[in-house]
Amino acid sequence: MAEVVIVGSRQEAGVLVADEIARLVRARPDAVLGLATGSTPLSVYEALRSRLADVDVSRVRGFALDEYVGLDPAHPESYRSVIAREVVEPLGLDPERVQVPDGRTAGIETAGEAYERAIVAAGGVDLQILGIGTDGHIGFNEPGSSFASLTRVKTLTPETRADNARFFDGIDEVPRHCITQGLGTILRARHLVLLAFGEAKAPAIAGAVEGPVTAMLPGSAVQLHPHVTVVLDEAAASRLQRADYYRDAWANKPAWQGL
Ligand code: GLP
C-alpha cells in the first residue's frame, strides 16, 4: 500500500519531498524527474531551490505530466511556461533536458507517441510528483481514464475547467482539450509522490488511497503501484479512515527506510 505521511503544512511537505529529490539527484546525477503543475507542488519546487543550489543538476532530466492543447506555448499559463518559470529557471535545470507534451494542434495526432518514446529513451521516470484534482484526476486523466492509457489527448471535465479558471480570465479561456501522460505512463515511474493540501482534496484523497480501484477515480491507480508516498496536510487527510495507523507507522518508521 501507499505510505501516507500527514504533515503540519504544505511547507513541511515541500521540505520532505525536496529532501528526497535532492538525495536522488546526488545519488544519480542523471535522474529523471516527473514534474507536475498546479499549485500543489510549488512548495516542493520552492524547497528544492536551496537544496539543489550546491548540486550539479546539469544532467537531470524532467518530463511534465501534461499540457493544454491549442494554447500558445508562450501563454503564461501554458504548462511549458509554468514548468520553465517554476522549475527549470529557479532550479537551474538544462531547458533542453526538460520536456513538456507538445500541445500545438499541428501534429497533435502523433505528439503522445513521441512523448512516450522520449520518456522510454531517457530510461523512464525515477520519481514522479503528482497532485490530484477535486474529481480525482492525476495528470489530466479525468474519471473514466483507462489504467493502461499512455500519453494522449483528453477532454477536460467542466469541474476541472472551473477549478483551473483561476489561472485564466474566466472559464471560457480555459482550453477544452489537453494532452496528458496516461495512467499507464504514470504507473511506469519508479516512485510516485502524491501531494494534496486542503479540505477540497479530502474526498479525492480518501477515494484514491482507501477506496476501490476504479477508473472513476483515476488517483486510485496509485494502489496498483509498489512504491507510492502520499504527503498530505491535516485537511486533505481528514476523510481517511486509517489516519491513526498512518501516523503511527510514520512515527515509528525504521531509520534505515527511505521515503
Ligand atoms: C491540474 C493539473 C494536475 C494537478 C491538478 C490539481 O489540472 N493538470 O496535474 O495535479 O489539476 O491542481 P492544484 O494542485 O492546483 O490543486
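First, a word on what this report is: a plain description of the structure on this page. Since this is a predicted model, take the numbers as computed values, not measurements.

## What to know about the sheet that holds strand 6 (residues 127-130)
Step number 1: An order of 1-10-9-6-2-3-5 is seen for the seven strands of this open sheet, with the pairing classed as parallel. Each edge of the open sheet carries a strand with a single partner, namely strand 1 (3-7) and strand 5 (98-99).
Step number 2: Relative to strand 6, strand 2 (residues 32-35) is paired through two bridges, and the arrangement is parallel. Residue Leu-33 lies in a different strand from strand 6, and its bridge partner there is Leu-127.

## Regarding the environment of Lys-201
Step number 1: Within the element layout of this structure, Lys-201 appears in the loop between strand 9 (191-196) and helix 7 (202-210).
Step number 2: Taking relative accessible area as the criterion, Lys-201 reaches 15% and is therefore assigned buried.
Step number 3: Sequence spacing of Lys-201 and Asp-135 is 66 residues, and the spatial spacing of their C-alpha atoms is 8.7 Å.
Step number 4: Apart from residues no more than four positions distant in its own chain, Lys-201 is found in contact with Thr-40, Ile-132, Gly-133, Thr-134, Ala-196 and Ala-236.

## Digging into the site of the ligand
Step number 1: Of all residues adjacent to the ligand, which total 13 residues, the nearest are Ser-39, Thr-40, Asp-66, Arg-166 and Lys-201.
Step number 2: The separation between an oxygen atom of the ligand and a polar main-chain atom of Ser-39 is 2.8 Å.
Step number 3: Within the side chain of His-137, one N or O atom sits 3.1 Å away from an oxygen atom of the ligand.
Step number 4: Taking 390 Å² as the accessible area of the ligand by itself, protein coverage stands at 94%.

How each quantity is defined
Residues numbered from 1 in each chain as written. Predicted model: local features only at pLDDT ≥ 70, side-chain atom pairs only at ≥ 80, totals over all residues. Heavy atoms only, no water. Pairing = 2+ DSSP bridges. Helix = DSSP H or I, 4+ residues; strand = E, 2+ residues; numbered from the N terminus. Buried < 20%, exposed > 50% of the residue type's maximum accessible area, 1.4 Å probe, protein only. Contact = heavy atoms within 4.5 Å. Near = heavy atom within 4 Å. Polar contact = N/O pair within 3.5 Å; in protein donor to acceptor, adjacent residues only side chain to side chain. Areas by Shrake-Rupley, 256 points an atom, 1.4 Å probe, with all protein chains shown as cover.

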